[in-house]
Amino acid sequence: MKIAIVHKEKCNPESCGKLCSKLCPVNRKGEDCIIIEKKASISEELCIGCAICQNRCPFNAISIINLPEKLDKDLIYRFGKNGFALYRLPLLRFGSILGLFGKNGIGKSTTLKIFSGHLKINFGREKAEEKEIKEYFKGSELLNYFENIDKIKISYKPQNLSELGNSKVKVSDVISQIQKDKKKIGKIVSELNIENFLDRQLNQLSGGELQKVSIAIAFLKDADVYFIDEPLAYLDIEERIRISNFIRKIVSEKKAVIVVEHDLLMLDFLTDYINIFYGNPSDYGVVSTVMTSKTAVNTYLGGFLKEDNIRFRDKPIKFFKIEQKQKSNFKLFDWPNFTKTFKNFKLNVNSSFINEGSVTGIIGKNGIGKTTFVKCLANEIDIDKGKIDSKKMKFAYKPQYLNSNSDDLVAAIIKKEKIDKYLIHLFSLEMLNIKKIKELSGGELQRLEVARCLSKDADLYLIDEPSAYLDVEERLNVAKAINEIIANKSKACFVVDHDLLFLSYVADSLLVFSGEAGKNGETSKSLDFSEGLNRLLKELNITVRRDEETLRPRINKPDSVLDRKQKEKGKYFED
Ligand code: SF4
Ligand code: SF4
């Protein structure tokens, strides 16, 4: 079975001279396989799948895709002729938390819209009849759901917080408009730790604060099903645990929660079951069978889905124990004790060092000086007394907040800055060539900026929050790129991030920050990864072990046998 996707926003027949229709061998025989009116339109019945149009379109507007025949009967939704196609749906169960993950643009949001009734199943046509929908779901738990969709109360936490963040309404006013029960409000406000900013306007909140308000709004509604899209973005590890515990407590026999999230460690901890999404972003997405969270994450890392006989990654992602990581003992850079004082904040830095070939993760709460530390090392800001002796070292810095206002073309930057070919391929930057910087999505800009930083000729690379806006596959690619480039160049790198799975993949040592958000912060010395993680987890009162099959870290369920045992031994991280 083949499907033809035309990305209408990219198709520009006036500029290309209608190339695809002229070259299509079926058209050349006199049939109308590709018709161009305002945009190209392809007949999937006539198309022989030669892919000439896909390869010759100058704007990458066409994808010709071969799919297994058996998927044909599982086409659930299509965005018009030659539009994105979604195959199968996840199995929503009341009384449990279901996780969805996979690349961006692969149908997760479409799925949420179908479950919330914003999109109606169409089986790839203009409209599907009710009786067809009933027939398709006969014998499935979803039949009851779609038969009663009008009666089911739904609450939705959107991924994009910009609409909420532009509002001048006070947090307390938004909350009281949604829920009148003061006891319920008090409970949720306290559990989410948002008491301190109830009097502030939404447009004055930080990303993390806004995220928590958005979660509060969703769960203050009396609903049967909660759709929670990326609840952990902008939050530090402590808040990620808090939110996950909060959501776990909400679920009861009569409620269901579906969570879309890219932090695999937290998704594994938070959910009972997971459906993996695979396919080509913006072209098509297929939903896997439902699995336990542990099996799903391991399957995803392995890159092969047995049930569908599909390999969606060339090689499995492998984690290593710390002693298995290659390390050098050659000190590349060290820094003295120093302080940096702002009007209301003071950072205390303890002297330490980074070795050649090492990637050091920087972790701790938001607002305790991690970015300030990195900027001080890079001499981007002055320290209180003296100067850091950088010994003529060259630094490359990727800031946390990325400037997206430029009119420069991606292709021009790639050429001018001689971006590493390996990174261009790994981060799929060729696809962005014709875009301007200001036209890139958050994830596209992040990939480009990490590639720009790693392509620089430097001794020490400082990469601040590289996982922000990236899907799970992109995060793993960024981790892989950092590891390989630092090892090959025999340089060193600091990575500030909140995704522990990402950090455990990329880093061999840790700097742990402690302190009070917005008031003071202090750095640890550079610690072996296990020791650093142990220290952090002890503060958070959670235990983590390695999965026996993949060696990836997994959070123990609170008060489980393993959790208690590890706490007794003082091994908050069992490496
Ligand atoms: S799909 Fe590509 S080749 Fe065909 S008309 Fe559009 S821009 Fe031209
Ligand atoms: S894949 Fe080949 S046959 Fe199909 S539309 Fe493109 S050029 Fe025509």
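Structure: see above.
In this report, we go over the structure that sits alongside the text. Since this is a predicted model, take the numbers as computed values, not measurements. (Residues numbered from 1 in each chain as written. Chains lettered and ligands numbered in written order. Predicted model: local features only at pLDDT ≥ 70, side-chain atom pairs only at ≥ 80, totals over all residues. Heavy atoms only, no water.)

1. Focus on the site of ligand 2
Inference 1: In the vicinity of ligand 2 lie 13 residues, with C24, C47, C50, A51 and C53 positioned nearest.
Inference 2: Tallied by class, the residues present in the shell around ligand 2 amount to 12 nonpolar, one polar and no charged. (Near = heavy atom within 4 Å. Nonpolar A, V, L, I, M, F, W, Y, C, P; charged D, E, K, R; others polar.)

2. Details of the site of ligand 1
Inference 1: Taken together, the neighbourhood of ligand 1 is formed by C11, N12, P13, C16, C20, I36, A40, C57, F59, A61 and I62.
Inference 2: In terms of residue class, the shell around ligand 1 is built from 10 nonpolar, one polar and no charged.

3. Comments concerning the packing of helix α10 (residues 182-191) against helix α11 (residues 207-220)
Each pair of packed helices can be summarised by the angle the axes make with each other and by the distance between the axes.
Inference 1: It is the contact of α10 with α11, at a shortest axis distance of 10 Å, that shows an interaxial angle of 145°. As α10 runs across α11, the sense of the crossing is right-handed. On α11, the residues touching K184, I185 and I188 of α10 are A216, F219 and L220.
Inference 2: Among the residues forming the contact of α10 with α11, the class breakdown is five nonpolar, no polar and one charged. (Axes fitted to C-alpha atoms, helices over the stretch in contact; angles between N-to-C directions. Helix = DSSP H or I, 4+ residues; strand = E, 2+ residues; numbered from the N terminus. Left-handed = near helix turned anticlockwise from the far one by under 90°. Contact = heavy atoms within 4.5 Å.)

4. Digging into the pattern of salt bridges
A side chain with one charge can pair with a side chain of the opposite charge if their charged atoms come near.
Inference 1: Counted under the stated rule, the structure contains 31 salt bridges.
Inference 2: Residues E44 and R78 are paired through a salt bridge, measuring 2.9 Å at the closest nitrogen-oxygen approach. Taken together, the positions of E44 in the loop between β3 (40-42) and α4 (52-56) and R78 in strand β5 (residues 75-78) put the pair 34 residues apart, joining distant regions of the chain.
Inference 3: Taking relative accessible area as the criterion, R78 reaches 8% and is therefore assigned buried.
Inference 4: The residue D272 makes a salt bridge to R248 at a minimum N-O spacing of 3.4 Å. Taken together, the positions of D272 in the loop between α13 (264-270) and β11 (273-280) and R248 in helix α12 (residues 237-250) put the pair 24 residues apart, joining distant regions of the chain.
Inference 5: A residue is classified by how much of its surface remains accessible, and D272, at 28% relative accessible area, is partly exposed. (Salt bridge = Lys/Arg side-chain N within 4 Å of Asp/Glu carboxyl O. Buried < 20%, exposed > 50% of the residue type's maximum accessible area, 1.4 Å probe, protein only.)

5. Here's the deal with the sheet that holds strand β27 (residues 544-546)
Neighbouring strands of a sheet are bound in pairs by backbone hydrogen bonds; such pairs are parallel or else antiparallel.
Inference 1: Reading across from one edge, β28-β27-β29 is the order of the three strands in this open sheet, with mixed pairing throughout. A strand with exactly one partner marks an edge of an open sheet, and here the two such strands are β28 (553-555) and β29 (573-574).
Inference 2: With two bridges connecting them, β27 and β29 associate as parallel partners. By the bridge assignment, R545 is partnered in β29 with E574. (Pairing = 2+ DSSP bridges.)

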